[in-house]
Amino acid sequence: MTAVVKELLATIGRETAERRLPEATYRLQLHAGFTFRDAAGLVPYLRELGISHCYASPYLKARPGSTHGYDIIDHRVLNPEIGSEEDYNAWIEAMHAHGMGQILDMVPNHMGVVGNENAWWNDVLENGPSSPYAGYFDISWYASPRPQLHGRVLLPVLGDPYGKALESGQLRLEYAAGAFTICYFEHRFPVAPRSYGLILGRRLEELERRLPADDPALIEYQSILTAVKHLPRRTETDPDRVAERQREKEVIKRRLAALTQDSAVVREFLEETVALFNGKPGDPRSFDPLDELLDDQAYRLAFWRVAADEINYRRFFDINELAALSMERPEVFAATHELVLRLLAEGKVNGLRIDHPDGLYDPRQYLQRLQEAYMLARARHLFESRPEYRGLDWKEVEEDCKLQIANCKLPIVGGQGAARGRECAWPLYVVVEKILGTGEPLPDDWPTYGTSGYDFLNMVNGLFVDAANAPAFSRIYRDWIQDTTPFAEVVYQKKSLILRVALSSELHMLAHQLDRLAQKDRWSRDFTLTSLRHALREIIACFPVYRSYIDDAVHDSDRRYVERAVARAKAKNPAISASVFNYVRDMLLLKYPTSASEEDRAEQRRFVGKFQQVTAPVMAKGLEDTAFYVYNRLLSLNEVGGDPARFGLAPAVLHRYFQERQARWPWAFSALSTHDTKRSEDVRARLNALSELPEEWKECLDRWARLNGPHRSQVEEEGPAPDPNEEYFLYQTLLGAWPLEPYSAEEYAQFVERIQTYVMKALHEAKVHTSWINPNPAYDEAVQRFVARILDPEVSGPFLDDFRTFQRKISHFGLFNSLAQTLLKITAPGVPDTYQGTELWDFSLVDPDNRRPVDYECRQQMLGELKERVAAAGERLPPLARELTAAKEDGRIKLYVTWRALQCRNAYPGLFAVGDYLPLEAVGACSDQVFAFARRQGATWAVVAVPRLLTRLLSGPPELPLGREVWQDTLLLLPEIEPGRQLSNVFTGERLTAAERPGSSCLLLADVFANFPVALLLTQE
């Protein structure tokens, strides 16, 4: 069979070399309100727009009603709320008919577990550690310091403390079809069959009085009770015994169901027994039987507030409803990827975006396993679909194929797919949702094509922030809130807070794990659990990136991160012995104690792995979900993957980033908005314009605070509501999200409601005066009143008149910023990704605001009209370009830039994907206000030029950044394009001729931006 395997793998190698990687993606959020059928109907529009691949949100079976798909309950089937398999296939066929592919968002870290639909989780709850799925979830069965929780999973789902929930009758026992369950409102929890004995045997003598001793129903009842008592305990993990128990359990349920169906006496008796277990409110002792029954389960129902301290399963961040998977286990990988691998092998899916890889125990191992599994799945599909292999048994080929794949050198040789500067390409196109810190590189040894684009987003965003005004903005913000705390310290404080109030259980378990290691060596035995926990808390709070990636070896970058965190933790805790910090450092850097056995070393490596899985959610919760709502100097900097302390970016830095990206990650996503961004690209673009106007901003703040003073409330013990920092946050939010005029009364009312909802989320995320865990209703209501009053024209007319004047100016410049970053996204190194609906102006805030329905009918109509106008105009496009610029508020101009640039990208395959990237510079009075580069492939050139920091050139609306009056004599230098070469403007149809200049050819920016505010020029042969 070796020849067959070699032939199959050779075929996969040829496919990799010849395949078409994404040229441009479009993110679709699929759910019950936007189905496979809806997506299929959009395919012609997306193709006309220039999209090569639909990028789909998760569509495997999720919790009923899910609007995002990240709470998957069954990886093995499609989500029936989104559509049937026929609907799915029709969508795939529509994409293929239009030459399009698909990228799927894959969720390997966690599953949804709230509700009654996750069969794996239900089995775990029923059978505890003896469940065949007990190892599928990352549960610390025996890590709790409380012996009562050993072998049990804590479920913090109760709205009241356990005793109150029990004795008020909120928890109830129910029986149906041979099975007992515990009901809590809409939740249902299984009762372990072994515990049935507590129910069936509770009043056995009463049933024996009702039925003769030789009655078949009584005999069967007694037989079932005996069988139940002989079931193994939940701690039994022997595979054979577990499988046997599973069969016995199902038999018992069937027998009990048949008995209660056939015997009215037994049925009535069980109903009475169930009623007895459910107790009587006001009689505490009557709930003892139910309490005893619950105490015998493999789970402990608990008050939701105890989750932070005692929950013993790893979650997605601090979301109890999402339980983490042990994806490092081969059987878990196989069970969760079977369907996705089949779709990949069949060509229905053409690549994956991996959600939250930092949650995985070993991301590199996962990605490597994914590449190998894809090759095996593809080999099997080829084997089973080709006539020449008929009559052969795949089982005879499979093991050899696995061996060859494991031994072959990945990545395999590629053609178009090969990253420039690399010899090879990975067989499966994969990007990862990796959040990189400032200056942090994506690990080179990950089998991926790059990130999902947050690094790109933040680098491009920085180009449009005026770095020269950093001191002025810092002063304004400091004076306004009367606080000088630097951002790095805010992050440290908020990460420390998260470790105390949201993720303390993760810290406790990590500390206990480290304490067990410390007790094994005489040199560390005197470190107390308290000191170790404190050291861990401080080191995690000081960790400079989301996580390290130490496995069997320590990489240099990981060593630097650990040592930096430990050094900072020591500096912040001078009263604590440095020795405990040094011990934790040595354990993390795999410096094994001399007395450590191989088992001890393996346990130390497991500790390091678990430590790394804790630092990532602490960073995410402390930075993204807390500090970003507290440090508000300029909100456009408070973005996922961003650093609010970095105020602006020099063009030379962005050029270096683009050059490195082209050399290393040319197929990474280039995103500006995603389902997770804190603000849409257009909101950020407006707020970036604010960075250019510090003095006007300060004057506005002072006027608005004075005008709105009467609407503030004084809340006992909290002070003014909103406080100055929150008011500062609110005004920026309004500037960024304000609807474009004209708008109807209904649209304005919807906007006010959106802002009120968003502000409530922001206040609770900030965790200053109120929070999700400890809401402050009085404060919440006071802020809601403030928002409502300042946005009510009848109440706050003077404020709104003043506000709208400044907002129109900010919006004017912000729209040009947005056009510029849109063109950079499409033409710079990477795969441009468009979030649904953002081809027009979109002023959405964080989810769920950014998941509102998209008006695709409007977009399709607009695109159709633009195509007709362009076709009618031929090469005489300047009048249309001028019209679109003058009427930029209607959104056509952004759609036009997106469409024309994507069409250009498709017309020149490879030019923007793997072509050379060459920075260009300008000279003259306005040289700082332009960013430009060239892309080159062979003899074909594309020149891209966009404006920036336009307040230095324009006073505001209605002035446009066009022509000689604005750009004067500023030249764009084209050092490697020969003088006399003609270039055609994609947006205006104008032909420009490169003029001669000593040492270079050049173009006048007045000509480049004569009729349109951004430029994409192509050389003419």
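Up top you'll find the structure we're talking about.
Rules of the game
Residues numbered from 1 in each chain as written. Predicted model: local features only at pLDDT ≥ 70, side-chain atom pairs only at ≥ 80, totals over all residues. Heavy atoms only, no water. Buried < 20%, exposed > 50% of the residue type's maximum accessible area, 1.4 Å probe, protein only. Helix = DSSP H or I, 4+ residues; strand = E, 2+ residues; numbered from the N terminus. Pairing = 2+ DSSP bridges. Expected span 1.5 Å × (residues − 1). Contact = heavy atoms within 4.5 Å. Polar contact = N/O pair within 3.5 Å; in protein donor to acceptor, adjacent residues only side chain to side chain. 1 Å grid on protein atoms, 1.4 Å probe; cavity = no way out; pocket = protein on both sides within 12 Å on 5 of 7 lines; lining within 4 Å. Points joined across faces, edges and corners; volume = space filled by probe spheres on them. Nonpolar A, V, L, I, M, F, W, Y, C, P; charged D, E, K, R; others polar. Salt bridge = Lys/Arg side-chain N within 4 Å of Asp/Glu carboxyl O. Phe/Tyr/Trp six-rings, centres within 6.5 Å; stacked < 30°, edge-to-face > 60°. Lys NZ or Arg CZ within 6 Å of the ring centre and 35° of its normal. Core = buried A, V, L, I, M, F, W, Y, C linked by side-chain atoms within 4.5 Å. Axes fitted to C-alpha atoms, helices over the stretch in contact; angles between N-to-C directions. Parallel < 35°, antiparallel > 145°, perpendicular 65-115°, else oblique. Left-handed = near helix turned anticlockwise from the far one by under 90°.

Enquirer: Which residues make up the pairing of strand 21 (residues 831-835), and what values do they have?
Expert: Counting buried residues in strand 21 gives five out of five residues, a clear majority hidden from the surface. On strand 21, burial covers both faces: Val831, Asp833 and Tyr835 on one face and Pro832 and Thr834 on the other are all buried. As defined by bridge partners, strand 1 (residues 25-28) adjoins strand 21 across three bridges and the pair is classed as parallel. Considered in strand 21, the bridge of Tyr26 is made with Thr834.

Enquirer: I'd like a description of helix 15 (residues 394-407), backed by residues and values.
Expert: Given a rise of 1.5 Å per residue, 14 residues ought to cover 20 Å, and the 20 Å separating the end C-alpha atoms of helix 15 matches this to within 8%. Taken together, the buried positions of helix 15 are Trp394, Val397, Glu398, Asp400, Cys401 and Ile405. In this structure, the buried side of helix 15 is in contact with helix 1 (2-18) and helix 14 (363-385). The N-cap of helix 15, judged by a side-chain oxygen 3.0 Å from the amide nitrogen of Lys395 a few residues on, is Asp393.

Enquirer: Describe empty space enclosed by the protein, naming the residues involved and giving the relevant values.
Expert: Scanning the model with the defined rule gives five cavities of 30 Å³ or more in all. Approximately 90 Å³ is the volume attributed to the largest cavity. Taken together, Asn458, Met459, Asn461, Gly462, Leu637, Gly642, Asp643, Arg646, Gly648 and Leu649 form the lining of the largest cavity. The calculated volume of the second largest cavity comes to roughly 70 Å³. Along the lines of polarity and charge, the residues of the lining of the second largest cavity split into four nonpolar, two polar and three charged.

Enquirer: Describe the sheet that holds strand 30 (residues 1000-1004), with residues and values.
Expert: Reading across the sheet, the four strands line up as 23-26-30-29 and stay open at both edges, with antiparallel pairing between neighbours. What marks the edges here is a single partner per strand, and that holds for strand 23 (922-923) and strand 29 (995-997). Pairing analysis gives three bridges linking strand 29 to strand 30, with the strands arranged antiparallel. Across the sheet, the residue bridging to Ala995 is Cys1002, located in strand 30.

Enquirer: How would you explain the pattern of salt bridges if you had to name every residue and give the values?
Expert: One pass over the structure, following the stated rule, counts 75 salt bridges. Here Glu346 ties to Arg342 by a salt bridge, and the two come within 3.4 Å at their closest N and O atoms. Salt-bridge contacts for Lys621 lead to Asp625; the nearest nitrogen and oxygen are separated by 3.3 Å. Exposure remark for Lys621: the relative accessible area of 8% places this residue in the buried category. Residue classification places Asp625 among the buried residues on the basis of a relative accessible area of 13%. Connected via shared salt-bridge partners are Arg27, Asp105, Arg353, Asp355 and Glu433.

Enquirer: Lay out the layout of surface pockets in plain terms, naming residues and giving numbers.
Expert: The calculated volume of the second largest pocket comes to roughly 990 Å³. Elements with a minimum of two residues in the lining of the second largest pocket: helix 28 (745-766) and helix 31 (856-873). Among the elements that line the lining of the second largest pocket, the one with the most residues is helix 28, at four residues. When the residues that make up the lining of the second largest pocket are grouped by side-chain class, the tally is 14 nonpolar, seven polar and 11 charged.

Enquirer: So what's going on with the sheet that holds strand 13 (residues 319-324)? Residues and values would help.
Expert: Overall, antiparallel pairing links the three strands, which are arranged 6-13-12 in an open sheet. Two strands in the sheet have a free side with no partner beyond their single neighbour: strand 6 (110-112) and strand 12 (315-316). For strand 6 and strand 13, the ladder comprises three bridges, and the chain directions are antiparallel. Within strand 13, the residue paired with Gly112 across the bridge is Leu322.

Enquirer: Can you lay out the packing of aromatic side chains for me, pointing to particular residues and giving the numbers?
Expert: Considering all chains together, one arrives at 62 aromatic pairs under this definition. Pairing Phe543 with Phe611 gives two aromatic rings, centres 5.9 Å apart and planes at 75°, and the pair type is edge-to-face. Within this pair, whereas Phe543 is found in the loop between helix 20 (529-541) and helix 21 (556-572), its partner Phe611 is found in helix 23 (residues 598-624), the two being separated by 68 residues in sequence. Like Phe543, the residue Phe611 is buried in the burial classification. The ring of Phe333 has Arg369 sitting right over it, with the charged end atom 5.9 Å from the ring centre. When the ring centre of Trp899 is taken as reference, the NZ or CZ atom of Arg900 above it lies at 5.6 Å.

Enquirer: An account of the side chain of Asp833 is requested, with residue identities and associated values reported.
Expert: Considering the arrangement of structural elements, one finds Asp833 in strand 21. Sequence-distant contacts of Asp833, defined by excluding residues within four places in its chain, comprise Thr25, Tyr26, Arg27, Tyr55, Phe669, Ser670, Ala671, Leu672, Ser673 and Lys825.

Enquirer: Lay out the nonpolar core with the relevant residues and their values.
Expert: Counting residues in hydrophobic clusters, the biggest one holds 288 residues, and the most contacted among them are Tyr59, Trp91, Phe137, Ile182 and Trp697. For this core, the leading source of residues is helix 30 (residues 797-827), giving 13 residues.

Enquirer: Break down the packing of helix 16 (residues 454-463) against helix 30 for me, citing the residues and quoting the values.
Expert: One way to put it is that helix 16 packs onto helix 30 with a least axis distance of 10 Å and a crossing angle of 140°. In terms of orientation, helix 16 and helix 30 fall into the oblique class. The chirality of how helix 16 crosses helix 30 is right-handed. Seen from helix 16, the contacting residues are Phe456, Val460 and Leu463; seen from helix 30, they are Gln821, Leu824 and Lys825. Its residues assigned to classes, the contact of helix 16 with helix 30 shows four nonpolar, one polar and one charged.

Enquirer: So what about the environment of Tyr184? Which residues, and what values?
Expert: With respect to the helices, strands and loops of the structure, Tyr184 is situated in strand 9 (residues 179-184). The class for Tyr184 is buried, based on a relative accessible area of 5%. Along the chain, Tyr184 and Leu9 lie 175 residues apart, while their C-alpha atoms are 53 Å from each other. Setting aside residues no more than four positions away along its own chain, Tyr184 makes contact with Val157, Leu158, Gly159, Asp160, Gln170, Leu171 and Phe189.

Enquirer: So what's going on with the packing of helix 25 (residues 681-690) against helix 27 (residues 724-737)? Which residues, and what values?
Expert: Here helix 25 crosses helix 27 at 120°, and the two axes come no closer than 8 Å. For the element pair helix 25 / helix 27, the angle class is oblique. The way helix 25 lies across helix 27 gives a crossing that is right-handed. Residue-level contacts link Val683, Arg686, Leu687 and Leu690 of helix 25 to Gln732, Leu735, Gly736 and Ala737 of helix 27. Here the contact of helix 25 with helix 27 is composed, by residue class, of five nonpolar, two polar and one charged.

Enquirer: Tell me about unusual backbone geometry, residues and numbers included.
Expert: Cis geometry is found at the peptide bond from Glu741 to Pro742, where omega equals 0°. With respect to the element layout, Pro742 can be found in the loop between helix 27 and helix 28. The amide bond that connects Pro957 to the next residue, Pro958, takes the cis arrangement and shows omega of 10°. Position of Pro958 relative to the elements: it lies in the loop between strand 25 (940-947) and helix 34 (964-967). You will see that Gln482, though not glycine, has its phi angle at about 55°, which is positive. With respect to the helices and strands, the residue Gln482 is situated in the loop between helix 17 (470-481) and helix 18 (487-501). With a relative accessible area of 67%, Gln482 lands in the exposed category. Phi is positive for Leu949, close to 50°, though the residue is something other than glycine. Among the secondary structure elements, Leu949 is positioned in the loop between strand 25 and helix 34.

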